[in-house]
Protein chains: 2
Amino acid sequence: MAARAPRGFGQAGGVARTVERVGERWALLIVRDLLAGARRYSDLKAGLPRIPTNILSDRLKELQQAGIIRRVPTVRGGYELTPLGRQLEPVILALERWGWAAPGEPAEGEVLTADALAVTLRAAFRGEVAAGFPPTEYVIHTGETSVSAVVDAGTLDVMDVGPDALPQPQRRVAIPPPADVLEFRVERERLSELLSGDTPPLDVETGDRGLVDRFRRTFRFDAAPGEDVTADASVA
Amino acid sequence: MAARAPRGFGQAGGVARTVERVGERWALLIVRDLLAGARRYSDLKAGLPRIPTNILSDRLKELQQAGIIRRVPTVRGGYELTPLGRQLEPVILALERWGWAAPGEPAEGEVLTADALAVTLRAAFRGEVAAGFPPTEYVIHTGETSVSAVVDAGTLDVMDVGPDALPQPQRRVAIPPPADVLEFRVERERLSELLSGDTPPLDVETGDRGLVDRFRRTFRFDAAPGEDVTADASVA
DNA sequence: CGGGATCCCAAGCGATACTG
DNA sequence: CAGTATCGCTTGGGATCCCG
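Since the model is a prediction, treat every value here as computed from it, not as a measurement.

What counts and how
- Residues numbered from 1 in each chain as written.
- Chains lettered and ligands numbered in written order.
- Predicted model: local features only at pLDDT ≥ 70, side-chain atom pairs only at ≥ 80, totals over all residues.
- Heavy atoms only, no water.
- Near = heavy atom within 4 Å.
- Polar contact = N/O pair within 3.5 Å; in protein donor to acceptor, adjacent residues only side chain to side chain.
- Helix = DSSP H or I, 4+ residues; strand = E, 2+ residues; numbered from the N terminus.
- Buried < 20%, exposed > 50% of the residue type's maximum accessible area, 1.4 Å probe, protein only.
- Contact = heavy atoms within 4.5 Å.
- Buried area = accessible area lost by both parts, 1.4 Å probe.
- Salt bridge = Lys/Arg side-chain N within 4 Å of Asp/Glu carboxyl O.
- Domains from an automatic or database assignment.
- Pairing = 2+ DSSP bridges.
- Axes fitted to C-alpha atoms, helices over the stretch in contact; angles between N-to-C directions.

Caption draft 1: Up close: the protein's contact with DNA strand D. In the vicinity of DNA strand D, 22 residues are found, and the nearest of them are A:Ser42, A:Ser57, A:Arg71, B:Arg25 and B:Arg59. When atoms of DNA strand D within 4 Å of the protein are sorted by moiety, sugar and phosphate together comprise 68%. Here a phosphate oxygen of DNA strand D and a side-chain polar atom of B:Glu24 are 3.3 Å apart. In the environment of DNA strand D, a phosphate oxygen lies 2.4 Å from a nitrogen or oxygen atom belonging to the side chain of B:Arg25.

Structure (structure tokens):
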């Protein structure tokens, strides 16, 4: 007996506990996508094109047992985060921020889905700054992905508006569409620059160009003040 | 050619990028321990008793190539975080917080090392609250582990004071030892309660019992206000 | 002696095929 | 559409061995 905790880390700290539950391959990406709302099996699979279906199936089972996700009874194949799972949001946002700050080329053939972009925007969102602006809607096109980000009084709501977007569950709060709307397209490779406060070329399709600056203040990954990001990755 | 990005996620978002770099098994625990300061190969191995030596070796190489850690030239077998690696601190702290908030038994046979406990205390630390108290030193014994946490004007410094603690590099700031000192022992299973604002039995060895309350205000995982943590993990 | 490298086996992962 | 089943390959685990 005493199965010696097979495949555990043998560690009692919080990091070890968390990694044991969501550290398996693909698990955090599933959580990321579910952070945007309930999704069906096929939605998850479409958002994670390279996940093998058996792995998706395994992870969904494991995450359920860990109390992180649950099935949506009313939707066949539907899954959503539990309250415990939603508490992983700070983890996801911290991972998202570091990922954009880390150097390295984007690598071709990668997809940036609407759910991923929604998390990106939430990670870059500065509520305090945004609270100083009138309600604004930003429609962002990049690669094959299109999302709408509605900013109102320090709150942010992102939704997929792409060609194959699912019908959205009604908005949480029924707000009138903002008067200020900026719609633009930016290259995927330039998104990082845009969110770092840089001014890459972007193609404004609708709205006042002056709103671009508002966007750049509202969504911004702050290079930690006083901390140098550039690290020497060259190794013998 | 075009090696088809073997074993990548095929995702462009920040979460995917981060998980690709530090998502391998054990990697984040290595980063966690290095967050406490530079460590040698044997220190890391001792702090991670269940890691196979080849895996430790592999991870150290990978983390170096990712620019997250580097060798300490002056210390044989020494490793430390790069500035980029130190930027993972928010990630580690977020993981630590979720891990303590998640339900589940501690599981026996697990170790809680000094480096892990240091991260726990940093994750639970409330600088704003602490700033209101006079400088205080807390010496905490739990299980086999003993650390000293010096709190001064909203800053926290944790160091190993266990029987086999390494000789500490000199304190960052040469401060006089605080007048207020609390030394206590708490069972490992009760640590979670203590850091949740509960009042489990603890054995005060030195200092005024009134300082216990100061400790409880200084180190505290906040149950996110208005968010219910308890989730139903029971599954068919 | 500490700091790794090698080996072998088991477990997890990935691709594809298949079923309710 | 929502998964299971199967199979080959890759990775991790554990013990041992080697090197400076």
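We are not done yet, so read on.
Caption draft 2: Spotlight on the environment of B:Gly99. Tracing the chain through its elements places B:Gly99 in helix H6 (residues 89–101). For B:Gly99, a relative accessible area of 0% gives the class buried. For the pair B:Gly99 and B:Thr120, spaced 21 residues apart in sequence, the C-alpha separation works out to 9.8 Å. Each residue touching B:Gly99, except ones within four places of it in the same chain, is listed here: A:Gly14, A:Arg17 and A:Thr18.

Caption draft 3: Molecular detail of the interface of chain B and chain A. Taken together, the contacts link 65 residues of chain B with 64 residues of chain A. Around 5600 Å² of area is buried between chain B and chain A when both sides are counted, 59% of it from carbon and sulfur atoms. Summed over the shared surface of chain B and chain A, the result is zero salt bridges. Mapped onto the side of chain B that touches chain A, the elements with two or more residues apiece are helix H1 (14–22), helix H2 (27–35), helix H4 (53–65), helix H5 (83–86) and H6 of chain B.

Caption draft 4: Representation of unusual backbone geometry in the model. Residues and elements named next belong to chain A. Phi is positive for tryptophan 26, close to 80 degrees, though the residue is something other than glycine. Mapping tryptophan 26 onto the fold places it in the loop between helix H1 (14–22) and helix H2 (27–34). In this model, alanine 153 sits at a positive phi of 55 degrees, which is unusual for a non-glycine residue.

Caption draft 5: Structural context of the protein's contact with DNA strand C. Every one of the 23 residues lining DNA strand C counts as a neighbour, but A:Arg25, A:Arg59, B:Ser42, B:Thr53 and B:Ser57 are closest to it. Here DNA strand C approaches the protein such that, of its atoms within 4 Å, sugar and phosphate make up 64%. B:Arg76 places a polar main-chain atom, nitrogen or oxygen, 3.5 Å from a phosphate oxygen of DNA strand C. Elements with a contribution of two residues or more to the surface near DNA strand C: helix H4 (53–65) of chain A together with helix H3 (41–47) and H4 of chain B.

Caption draft 6: The domain arrangement of chain A, seen in detail. All names here are of chain A. Its domain assignment divides chain A into domain 1 (14–87) and domain 2 (106–218). A separation of 25 Å is found between the C-alpha centroids of domain 1 and domain 2. Listed per partner, the contact involves eight residues of domain 1 and seven residues of domain 2. Contact between domain 1 and domain 2 buries roughly 680 Å² in total, counting both sides, with carbon and sulfur atoms accounting for 59%. Three residues stand out in domain 1 for area buried against domain 2, namely Arg32, Leu35 and Arg39, and they jointly supply 49% of the buried area on that side. Summed over the shared surface of domain 1 and domain 2, the result is one salt bridge. Aspartate 115 is paired through a salt bridge with arginine 39; the nearest N and O atoms lie 2.9 Å apart. At the junction of domain 1 and domain 2, the tally comes to two residue pairs in polar contact (both at pLDDT 80 or more).

Caption draft 7: Representation of the sheet that holds strand E4 (residues 136–142) of chain A in the model. Residue and element names in this part refer to chain A. With mixed pairing, the five strands of this open sheet are ordered in space as E6-E5-E4-E7-E8. Each having just a single partner strand, strand E6 (155–160) and strand E8 (203–206) make up the two edges of the open sheet. Pairwise comparison of adjacent strand axes, ignoring direction, gives a mean angle of 25 degrees for this sheet. One ladder, built from three bridges, connects strand E7 (residues 180–185) with E8; its direction is antiparallel.

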